[in-house]
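Listed below, chain by chain, are the residues.
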Amino acid sequence: MAAAASTPQGVTERRGIPAASFVEDVESYLRQAGLDVNSGLAFLQERLQQYKIVEMKLLAQQRDLQAKIPDIEKCLDIVASLHVKKTLGETLTADFELSEGIYSRARIEDTDSVCLWLGANIMLEYSCDEANALLKKNLENAKASLEVLVADLQFLRDQQTITQVTIARVFNWDVHQRRSKQATKET
């Protein structure tokens, strides 16, 4: 058997995440890498830990995006409500939070603009149409980012599985080699 360092579809990395190699022949793999069994296992364990750290970061980003998408959708609904009320000539009564646990009621009459928080304590005033366009664009970007993140997480989980299998194969190969040497010594 040749030392195979094959990966699915020949992918070597995805967005900076290195692809794990499935090892067909452990002996050739260790010889080509210039490692003994313990060094090889240590390298693979370290790689597995790196994958887990990256996974934690990606999961945190996924949680942030999953929280952000409903907020953007809610803002879009509010802008649409303002636009509908304006076209009907009605006033909108809204309760809004001033600080934690403190609310105020406001009557919003004919309005042509809204203010949006952009982050980093920055708020800008937009016309309703501009705000609607910006929020739709942000929603599309957030959903696209979430899709890429989910794909990255799936790739990462595949790499973790391949690395865990490789660790098991190297360990089992080492056990087999030790037993063979011990059986040879006993005879």
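Note: the structure precedes this text.
Note that the structure is a prediction, hence the values are computed from the model and not measured.

Asks: I keep staring at the pattern of salt bridges and nothing clicks. Help me out?
Replies: Tallied over the entire structure, the rule returns nine salt bridges. Here Asp95 makes a salt bridge to Arg105, at a shortest N to O gap of 2.7 Å. Of this pair, Asp95 sits in strand β5 (residues 92-99) while Arg105 sits in strand β6 (residues 102-108); the two residues are ten residues apart in sequence, bridging distant segments of the chain. Looking at Asp95, the relative accessible area reads 48%, which means it is partly exposed. Put simply, Arg107 and Glu109 hold a salt bridge, and the shortest N to O gap is 2.6 Å. Judged by its relative accessible area of 58%, Arg107 is exposed. Owing to a relative accessible area of 45%, Glu109 belongs among the partly exposed residues under this scheme. In the salt-bridge network here, residues are joined through shared partners; they are Arg14, Arg15 and Asp152.

Asks: When you look at the pairing of strand β8 (residues 122-127) in this model, what are you seeing that I'm missing?
Replies: On a regular strand, each side chain points to the face opposite its neighbour's, so the side chains alternate between the two faces of the sheet. Here strand β7 (residues 113-119) runs beside β8; their pairing, made up of six bridges, is antiparallel. Bridge assignment links Gly119 to a residue of β8, and that residue is Ile122. From the end of β7 to the start of β8, which pair antiparallel, there are two residues, and Ala120 there has a positive phi angle of about 55°.

Cut-offs and rules
- Residues numbered from 1 in each chain as written.
- Predicted model: local features only at pLDDT ≥ 70, side-chain atom pairs only at ≥ 80, totals over all residues.
- Heavy atoms only, no water.
- Salt bridge = Lys/Arg side-chain N within 4 Å of Asp/Glu carboxyl O.
- Helix = DSSP H or I, 4+ residues; strand = E, 2+ residues; numbered from the N terminus.
- Buried < 20%, exposed > 50% of the residue type's maximum accessible area, 1.4 Å probe, protein only.
- Pairing = 2+ DSSP bridges.

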